[in-house]
Amino acid sequence: SITTYLTATIIYLYITLREDIAICAERIVKRAWFYKFLSLGFKHTSTSRIVHEKAAWWLALAILPIMVSVHTVVSWVFGLMYRPGWYNPFFGPYFVTGAIASGVATVIMTAAIFRKIFNWENIITPQVFRVLSNFLRVVIAIYIYFMICEQVTMRYLGPSHEVEISEMLLFGSYASIYWLLVIGTLAIPFILMSLYTFIPKLFSIKLIVAAAT
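Predicted model, so just to flag it, every value in this text is computed and none were measured. (Residues numbered from 1 in each chain as written. Predicted model: local features only at pLDDT ≥ 70, side-chain atom pairs only at ≥ 80, totals over all residues. Heavy atoms only, no water.)

A separate point is the overall build of the protein. Tallying secondary structure elements over the protein gives 8 helices and 0 strands in all. When its helices and strands are written in sequence order, the protein yields α-α-α-α-α-α-α-α. Taken over the C-alpha atoms alone, the protein extends approximately 70 × 45 × 30 Å along its principal axes. Put simply, the protein has 213 residues, and 31% of those count as buried. Of all intrachain contacts in the protein linking residues separated by at least 6 positions in sequence, the fraction that spans at least 24 positions is 61%. A total of about 14000 Å² of accessible surface is found on the protein, and carbon and sulfur atoms cover 73% of it. Averaged over its 16 positive side-chain charges, the protein has a centre that lies 14 Å from the centre of its 9 negative ones. (Helix = DSSP H or I, 4+ residues; strand = E, 2+ residues; numbered from the N terminus. Buried < 20%, exposed > 50% of the residue type's maximum accessible area, 1.4 Å probe, protein only. Contact = heavy atoms within 4.5 Å. Areas by Shrake-Rupley, 256 points an atom, 1.4 Å probe, with all protein chains shown as cover. Lys, Arg positive; Asp, Glu negative; His and termini not counted. Charge placed at Lys NZ, Arg CZ, Asp CG, Glu CD.)

Written out as structure tokens, the structure reads:
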């Protein structure tokens, strides 16, 4: 599963870079032959771009279920070993949702850095950050929902060791770390990215980047 994910991702990256490699072949004369070879004959025509974009779109779509399978397999490493707090059917969705949230947050921060360094304000527009933040906000809400479901299940009728783990997380020796995670990396970012929905004038790229960080 992991090998398939890595292979598909490398192929996707290569496909999306072919046009850039072809541009390098035109501008870097000394290594033009090398870039021409890597571009595999890419041509700057509208037909070629349409075919290219369709191929990248379908490959991206195919990668999604592979991504889900990868993070689910990783969660099984923990979830299928009986240990209080780990033997949990939520681990699959937990890992997938967490991976998506951290991935989108990283994209937001990276986009902001490239936008600033290369003056790409006309390429990476505020609308890009608005769409990404809306998506990240939904994913965070789903993750919070899973956490609530986990705690309710454990505390309502869970085995004694599960209840003990819940007590340690919510009120015991790990409470400071747990609530720092919940409030600092979930609740506050969710609130920050929700503000401009109700008060549009509060929309700010800096605010979104701060929430993603």
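Read on, since the account is not over.
Time to look at the nonpolar core. Here is a general trend for soluble globular proteins: nonpolar side chains tend to be buried in one another's company. In this structure, Tyr-94, Ile-108, Phe-129, Leu-136, Met-147, Ile-208 and Val-209 are the most contacted members of the largest nonpolar core, which totals 30 residues. Counting 7 residues, the second-largest nonpolar core is a separate cluster that includes Ala-8, Ile-15, Ala-56 and Val-70. (Core = buried A, V, L, I, M, F, W, Y, C linked by side-chain atoms within 4.5 Å.)

Another aspect to go through is the packing of helix H1 (residues 2-27) against helix H2 (residues 32-39). Between two packed helices, the angle of one axis relative to the other and the distance separating the axes together describe the packing. Two elements in contact, H1 and H2, have axes separated by 8 Å at closest approach and are oriented at 155 degrees. Compared by their axis directions, H1 and H2 come out roughly antiparallel. Between H1 and H2 lies a crossing of left-handed hand. On H2, the residues that touch Tyr-14, Arg-18, Ile-21, Ala-22, Cys-24 and Ala-25 of H1 are Ala-32, Tyr-35, Lys-36, Leu-38 and Ser-39. Tallied by class, the residues present in the contact of H1 with H2 amount to 8 nonpolar, 1 polar and 2 charged. (Axes fitted to C-alpha atoms, helices over the stretch in contact; angles between N-to-C directions. Parallel < 35°, antiparallel > 145°, perpendicular 65-115°, else oblique. Left-handed = near helix turned anticlockwise from the far one by under 90°. Nonpolar A, V, L, I, M, F, W, Y, C, P; charged D, E, K, R; others polar.)

In an α-helix, one turn spans 3.6 residues, which is why side chains three or four residues apart end up on the same side. Where H2 is concerned, the buried positions are Ala-32, Tyr-35 and Ser-39. The buried residues of H2 all sit within an arc of 70 degrees when viewed along its axis, so they share a single face. Exposed residues lying more than 90 degrees from the buried face of H2 are Trp-33 and Phe-37. Structurally, H2 contributes buried residues whose contacts are with H1. The positive-phi residue at the C-terminal boundary of H2 is Leu-40, with phi of around 55 degrees. (Arc of directions from axis to C-beta.)

On to the packing of aromatic side chains. A full pass over the atoms with the stated rule returns 13 aromatic pairs. Between Tyr-94 and Phe-146, the aromatic rings sit 6.3 Å apart at their centres with planes inclined by 70 degrees, giving edge-to-face as the arrangement. Taken as a pair, Tyr-94 in helix H4 (residues 91-117) and Phe-146 in helix H5 (residues 126-157) lie far apart in primary sequence, 52 residues in all. Considered together, Tyr-94 and Phe-146 belong to a single accessibility category, that of buried residues. Aromatic rings pair up to connect Phe-91, Tyr-94, Phe-95, Tyr-143, Tyr-145 and Phe-146 into one cluster. Arg-130 extends its terminal NZ or CZ atom over the ring of Phe-203, reaching a point 4.0 Å from the ring centre. (Phe/Tyr/Trp six-rings, centres within 6.5 Å; stacked < 30°, edge-to-face > 60°. Lys NZ or Arg CZ within 6 Å of the ring centre and 35° of its normal.)

In this section: the side chain of Gln-151. One can find Gln-151 in helix H5. In this structure, Gln-151 is in contact with Ser-166, Leu-169, Leu-170 and Tyr-178, ignoring residues within four places of it in sequence.

Okay, helix H7 (residues 175-198) next. In this model, H7 (24 residues) spans 32 Å end to end at C-alpha, consistent with the 34 Å of a helix rising 1.5 Å per residue. At Ile-183, H7 shows its largest bend, some 30 degrees. Residues of H7 that are buried include every one of Ala-175, Tyr-178, Val-182, Leu-186, Pro-189, Met-193, Ser-194 and Tyr-196, and no others. As for H7, its buried residues are in contact with H5, helix H6 (160-170) and helix H8 (205-212). (Expected span 1.5 Å × (residues − 1). Bend = angle between axes of the 7 residues up to and from the residue.)

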